[in-house]
Amino acid sequence: MMHFTRPRLTTLISSALRCIGALMLATSFLQTCDAAEQPNFIIIFTDDQGYNDLGCFGSETIETPNIDQLAAEGRTYKSFYSACSVCSPSRAALLTGCYPKRVGMHKHVLFPSSDYGLNATEHTIADHLKSQGYATACVGKWHLGHHPEILPRANGFDSYFGIPYSNDMNHPDNKGKLRIPSDELWLDQSSCITKWNTPLVEDEEIIELPVDQRTITRRYTDRAIEFVKANQDQPFFLYLPHSMPHIPLYVPEDAYDPDPQNAYKCVIEHIDAEVGRLVDTVRNLDLAENTYIIYTSDNGPWLQFKNHGGSAKPLRDGKGTTFEGGQRVPCVMWGPGRIPAGTSTNAMTSTMDLLPTIAALSGKPLPKDRKIDGHDISGTFTSDVSPRNELVFYSAHGVLEGIRLGEWKYLEKAPQKKASNANAPPPEPQRFLFHLTEDIGEQVNLVLTKPEVARQLRARMVELDQEITANARPVWKKPTQPLFEPNAQSLKQYEVPEWYDDAKLGIYFHWAPFSVAAYQTEWYPKWMYDSKTNKKWGDLKKHHEATWGPLNKFGYKDFIPKFQAENWNPEQWVELFEEAGAKYLVSAAVHHDGFALWDSNVIPFHSAAMGPQRDIVGEFCSAAKKAGLKTGVSTHYGRHWNFYEFSPKYDNWDPKYSGLYGRRRAENDPPTAEDEKEWEAVMVELIDNYHPDYIFVDGGIGDGERMFGKPYFRQPFYNVLSHYYNQSQETNTEGVVLTYKREFLEPDQAVEDFERKGIDEIRMSSKWQTDEKIAVQGWCCVEGTAFWPTEYLVAVLADTVSKNGNLLLNVGPLPDGTIREEEINTLKQLGGWLRVNGEAIYGTRPWTTFGEGEIAKPAADNAPVEGGKIEFATDAVRLTQKKGSLYAICFRQPESDRYSIRCLKKGTRIGNSGIEKVEMLGHDGPIKWRQSDESLTVALPEHLPCDYAFVLKIN
């Protein structure tokens, strides 16, 4: 029995290093084999076959004599892993030697409607062998993209014959996916024709529609045998990914048992018989001594289909999970005279290892122009020592979930339950730690008794994922025709994406060199040069010169070296904003001041070259994407053209600083064509470099038109919008959003934003947004400001959502990159409320009325309040709806144990019926209620589940 009393990664690694001698012996064995001829390779890849579904892997019900014979003449691999627990990612990994995430194929499976697939620029097993003169063929299920540009012949295969995706998927011309009880399909074997419309493809052409799946396994074998016979005199590679035993299950008449309980058994035994036919062909052609055959499965069994799914015993769970039953699969490797007969190994190996192993056996090194994750495991033919000591696990949807390191396995899965109340911390993920040598069934969770092991494995898991993510390569995407032309009419085709309509809450920030001044406003750069006194903020020029010195000695540019962001951690910001409940995170890109927060080729004064010397936009968006959140940028550059007052007495008079301040101009000069061109270039650079899901454009873009009565910046804006929308078809396939202010566009061209104010009624004709800040004074950090109470921000959110809007909430970080404690507390309080009541916010839509009562801003709006709490109270109720339920968000503090809502009086209908049930989110007990002619009245529990507002769920 193994023990891990002092767990260290270095110990695990050194264990592998001590086995180099064994690997050298294995290499010596291979060198004695006949290397005069290039070997042939056959990979048989079944679909959804479980670990226990072969006789040689312990099945007591399924007879597989032909595959068992391969095992008797070869080697079984008992710790062999697919790289994912579902179809498309696992196939991408086998062919490319990479984790699916590295090649962009990690986000679940492809469908007939999918417009992307494995990039033909990837280097596959077929590409590698074809470059050496091998004949190559793919016969069977492809499932890496059905478009001609990425079918097998674009990925190194000379020919293709098979179903391009799963056999339960219809042709793209048909909508939807048919689901019929599996027993019914088995009893009616003709259903493969009458109930399905699945295509059979040869090369790039559909040759049979629908394909007769009863004979598909046999026809795959027929075609495979034809290929082997045709290429017996040259080296060949046959990739035979069977469509079965993926449901629906079909077999030819001579293999059919009408008892549905034997359906899966029939299919596996039929595959075994067909494997026997293929192996007999190899033997009869005297090719056995120079041919490797690898038999394995793409993932574990589909257990939900019971007698139509297999078994992973003794492993836990099956397809779609990262437990062992989802990815540990049966594997048999056969190579007479090269792989010792009748042997078995527990060496950790993976489908990703097949490409480098085959490359080594074929004698040609892999290209060095790309990173892969596989290892040459040819040494394991004769040794139990594998060069692979670790394996990262991703969920069926590409979410990082675990790692195996040596004999230890750590899993971290999403929490099963939501927070019970607002004061509770965010639910912890489910964490598991297993010692697989002692517990192959993953039944004993050691995460509490071995916390140091869990910590080390988790750290390594994150480290590996970060490298994979940082170096991931793009998938192929179907080229799209531009839908949007740069004109007003064409842009009206725009539709707000569902993700944005569901998200409801975003967070952004104002952060720049003006954060160093931290005085009154983010407009400080303008007013420090302005000869006039501002009515709201006073004489900022006088303050600046008294604090920092005369403007010819200390101008705005001199704040840049003081803007260091030395304590900035974008991952911590993202974690905080996500805890607050935000679904899209927006990085400041450039404010009116003209200092860019990215590595810009348009604006010479930027954060990558000076000040922080970091790409703020790039780092923040990268951290947000890793967290699975939508990302955005905010730009206020449209006002930069007339932001500064110029004077020979100021530093901005010097042309060498025009890259920050702009070109010298008089106060009443209109924008120039060069100004318009520069603004457009800034926007296009942000779009092309960062592919944001969301862009915030401040209202200053319309100043030129309002001041001079000419459409300045309008055509550049149309150019930017059309470019953004068209590019999103390939880079942001779930859609993008741009918000604008002050009626510069039309509401059906983009999303209108109303700064710090809502609207009076529900606006169903078009989506809208409001942006609000946590601090009372200033959008950036300002010394001495008060902060809005959390209850007010919850009220703003509820009011906005009830009227079909989104809220973009602002924070003002300090120049060192830390966020003020008051803002942190507010964000955590907001997040706590949303953990209990988010059901009434996210994914909801307005009801027939937004509710009742007013939500007015507290006193001291924009006033320089010195600390202290600003009082806020409201008697408002706001209503939202989702999936047949109505949600009443109630702010009025009850004066008794009864609460009444007038707009839900007797006669109120929800959908097609009256009120039948009332619950309170976060409260486990029943809620008593009654309707009268005046109101809906509920009896409140003794303790409300959260502060600020409680939510009634009404059905």
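What counts as what
- Residues numbered from 1 in each chain as written.
- Predicted model: local features only at pLDDT ≥ 70, side-chain atom pairs only at ≥ 80, totals over all residues.
- Heavy atoms only, no water.
- Helix = DSSP H or I, 4+ residues; strand = E, 2+ residues; numbered from the N terminus.
- Rg over C-alpha atoms; globule rule 2.2 N^0.38 Å.
- Buried < 20%, exposed > 50% of the residue type's maximum accessible area, 1.4 Å probe, protein only.
- Contact = heavy atoms within 4.5 Å.
- Areas by Shrake-Rupley, 256 points an atom, 1.4 Å probe, with all protein chains shown as cover.
- Lys, Arg positive; Asp, Glu negative; His and termini not counted.
- Charge placed at Lys NZ, Arg CZ, Asp CG, Glu CD.
- Pairing = 2+ DSSP bridges.
- Phe/Tyr/Trp six-rings, centres within 6.5 Å; stacked < 30°, edge-to-face > 60°.
- Lys NZ or Arg CZ within 6 Å of the ring centre and 35° of its normal.
- 1 Å grid on protein atoms, 1.4 Å probe; cavity = no way out; pocket = protein on both sides within 12 Å on 5 of 7 lines; lining within 4 Å.
- Points joined across faces, edges and corners; volume = space filled by probe spheres on them.
- UniProt positions renumbered as here; feature names shortened; annotations may be inferred.
- Polar contact = N/O pair within 3.5 Å; in protein donor to acceptor, adjacent residues only side chain to side chain.
- Axes fitted to C-alpha atoms, helices over the stretch in contact; angles between N-to-C directions.
- Core = buried A, V, L, I, M, F, W, Y, C linked by side-chain atoms within 4.5 Å.
- Domains from an automatic or database assignment.
- Parallel < 35°, antiparallel > 145°, perpendicular 65-115°, else oblique.
- Nonpolar A, V, L, I, M, F, W, Y, C, P; charged D, E, K, R; others polar.
- Salt bridge = Lys/Arg side-chain N within 4 Å of Asp/Glu carboxyl O.
- Expected span 1.5 Å × (residues − 1).

Draft legend 1. Structural view of the overall build of the chain. A tally of regular secondary structure across the chain gives 25 helices and 34 strands. Taken over the C-alpha trace, the chain has a radius of gyration of 32 Å; the compact-globule value for 955 residues is 30 Å, and the two agree within 12%. Across its three principal directions, the C-alpha atoms of the chain cover 95 × 75 × 60 Å. When the 955 residues of the chain are sorted by exposure, 60% land in the buried category. Within the chain, residue pairs in contact and separated by at least 24 positions form 73% of the contacts whose partners lie at least 6 positions apart. Counting every atom, the chain has about 37600 Å² of accessible surface; 49% of that belongs to carbon and sulfur. The chain carries 101 positive and 128 negative side-chain charges, and their two centres are separated by 4 Å.

Draft legend 2. Main features of the pairing of strand 22 (residues 694–697). Going residue by residue along strand 22, you find Tyr694 and Phe696 tucked away on one face and Ile695 and Val697 tucked away on the opposite face as well. Strand direction decides the pairing type here: strand 21 (residues 630–635) and strand 22, joined by four bridges, are parallel. Considered in strand 22, the bridge of Val633 is made with Ile695. Looking at chain direction, strand 22 and strand 23 (residues 737–741) are connected through three bridges and run parallel. Opposite Phe696, over in strand 23, you have Thr739 as the bridge partner.

Draft legend 3. Looking closely at the packing of aromatic side chains. Under the criterion given, the structure shown has 59 aromatic pairs. Pairing Tyr494 with Tyr725 gives two aromatic rings, centres 4.5 Å apart and planes at 10 degrees, and the pair type is stacked. Here Tyr494 is found in the loop between helix 13 (488–491) and helix 14 (498–503), whereas its partner Tyr725 is found in helix 23 (residues 714–731), with 231 residues between them in sequence. A relative accessible area of 10% places Tyr494 in the buried class. The class of Tyr725 is buried, set by a relative accessible area of 2%. Three or more aromatic residues joined by ring pairs make a cluster, and in this case those are Phe509, Trp511, Phe563, Trp568, Trp573, Phe577, Phe595 and Phe620. The cationic tip of Arg223 hangs over the ring face of Phe161; the distance from NZ or CZ to the ring centre is 4.1 Å.

Draft legend 4. Inspection of empty space enclosed by the protein at higher detail. The full count for this structure, using the stated rule, is five cavities of 30 Å³ or more. Looking at the largest cavity, its volume works out to about 120 Å³. Lining the largest cavity are 16 residues; nearest its centre among them are His640, Trp641, Arg665, Asp675 and Glu678. For the lining of the largest cavity, the element with the most residues is helix 21 (residues 673–690), which contributes three residues.

Draft legend 5. Fine view of the UniProt feature "domain: Glycoside hydrolase family 29 N-terminal" (unreviewed entry) in the chain. Residues annotated in UniProt with the feature "domain: Glycoside hydrolase family 29 N-terminal" (unreviewed entry) correspond here to residues 480–839. Taken as a whole, residues 480–839 contains 34% helix and 12% strand, while its terminal C-alpha atoms sit 36 Å from one another.

Draft legend 6. Representation of the side chain of Asp353 within the structure. Turning to its location among the elements, Asp353 is positioned in the loop between strand 13 (349–350) and helix 11 (354–362). For Asp353, the side chain forms a polar contact with the main-chain nitrogen of Ser350, separated by 2.8 Å.

Draft legend 7. Representation of the sheet that holds strand 33 (residues 936–939) within the structure. The strand order 30-33-32 describes an open sheet built from three strands, whose pairing is antiparallel. This sheet does not close on itself; its edge strands, each paired only once, are strand 30 (898–901) and strand 32 (929–931). Going from strand to strand, the sheet's axes swing by 20 degrees on average, the running direction of each strand aside. Pairing of strand 30 with strand 33 involves four bridges; the strand directions are antiparallel. Note on strand 33: the bridge partner recorded for Ile901 is Leu936.

Draft legend 8. Geometry of the nonpolar core. Ranked by size, the top nonpolar core spans 131 residues in total, and within it Tyr556, Phe577, Trp598 and Trp833 carry the most contacts. With eight residues, the single largest contributor to this core is helix 24 (residues 790–802). Here this core gathers at least three residues from each of two domains, domain 2 (488–755) and domain 3 (877–954). Every residue in contact with Tyr556, bar those within four places of it in the chain, is listed here: Ala512, Pro513, Phe514, Pro525, Met528, Tyr529, Asp593, Tyr644, Asp651, Leu660 and Tyr661. With 54 residues, the next largest nonpolar core counts Leu185, Trp196, Tyr220 and Val275 among its residues.

Draft legend 9. Geometry of the packing of helix 8 (residues 216–230) against helix 9 (residues 263–284). It is at 10 Å that the axes of helix 8 and helix 9 come closest, and there the two elements cross at 10 degrees. Comparing the axis directions of helix 8 and helix 9 gives the class roughly parallel. Together, Thr217, Arg218, Thr221, Asp222, Ala224, Ile225, Val228 and Lys229 of helix 8 and His270, Ile271, Glu274, Arg277, Leu278 and Thr281 of helix 9 make up the contact between the two elements. Residues that form the contact of helix 8 with helix 9 fall into these classes: five nonpolar, four polar and five charged.

Draft legend 10. Expanded view of the pattern of salt bridges. One pass over the structure, following the stated rule, counts 68 salt bridges. With a closest N to O distance of 2.7 Å, Glu324 and Lys409 form a salt bridge. Of this pair, Glu324 sits in helix 10 (residues 324–327) while Lys409 is found in strand 16 (residues 408–413), placing the two residues 85 residues apart along the sequence. In terms of burial, Glu324 and Lys409 fall into one category: buried. Arg663 is paired through a salt bridge with Glu674; the nearest N and O atoms lie 3.5 Å apart. Placement of the pair is Arg663 in the loop between helix 20 (658–661) and helix 21 and Glu674 in helix 21, with a sequence separation of eleven residues. Judged by relative accessible area, Arg663 falls into the partly exposed class, the value being 29%. For Glu674, a relative accessible area of 47% translates into the label partly exposed. Sharing partners across several salt bridges, the network here consists of Arg639, Asp698, Asp703, Arg706, Lys741, Arg742, Glu755 and Asp771.

Draft legend 11. Expanded view of the sheet that holds strand 26 (residues 805–811). Here we have eight strands rolled up into a closed barrel, ordered 19-20-21-22-23-24-25-26, and parallel in their pairing. When strand polarity is set aside, the average angle formed by the axes of neighbouring strands in this sheet is 25 degrees.

Draft legend 12. Geometry of the layout of surface pockets. Of the voids in this model, the second largest pocket is the one considered here, and its volume is about 910 Å³. Considering the residues around the second largest pocket, the lining is formed by 45 residues, among which Trp523, Trp537, His592, Arg639 and Arg742 are closest to the centre. At the level of secondary structure, the elements contributing two or more residues to the lining of the second largest pocket comprise helix 16 (524–527), helix 22 (703–708), strand 24 (751–755) and strand 25 (768–773). Considering every element that reaches the lining of the second largest pocket, the biggest residue donor is strand 24, with four residues. Here the lining of the second largest pocket is composed, by residue class, of twelve nonpolar, 13 polar and 20 charged.

Draft legend 13. Quick peek at the domain arrangement of the chain. Examined at the domain level, the chain breaks down into domain 1 (45–387), domain 2 (488–755) and domain 3 (877–954). Inter-centroid distance (C-alpha atoms) of domain 1 to domain 3 is 55 Å.

Draft legend 14. Just helix 25 (residues 821–837), in detail. Across its 17 residues, helix 25 extends 24 Å between first and last C-alpha, which sits within 8% of the 24 Å expected from 1.5 Å per residue. For helix 25, the set of buried residues is Glu823, Ile824, Thr826, Leu827, Leu830, Gly831, Gly832, Trp833, Leu834, Arg835, Val836 and Asn837. On its buried side, helix 25 packs onto strand 19 (505–509), helix 18 (570–579), helix 24, strand 26, strand 29 (885–890) and strand 34 (950–954).

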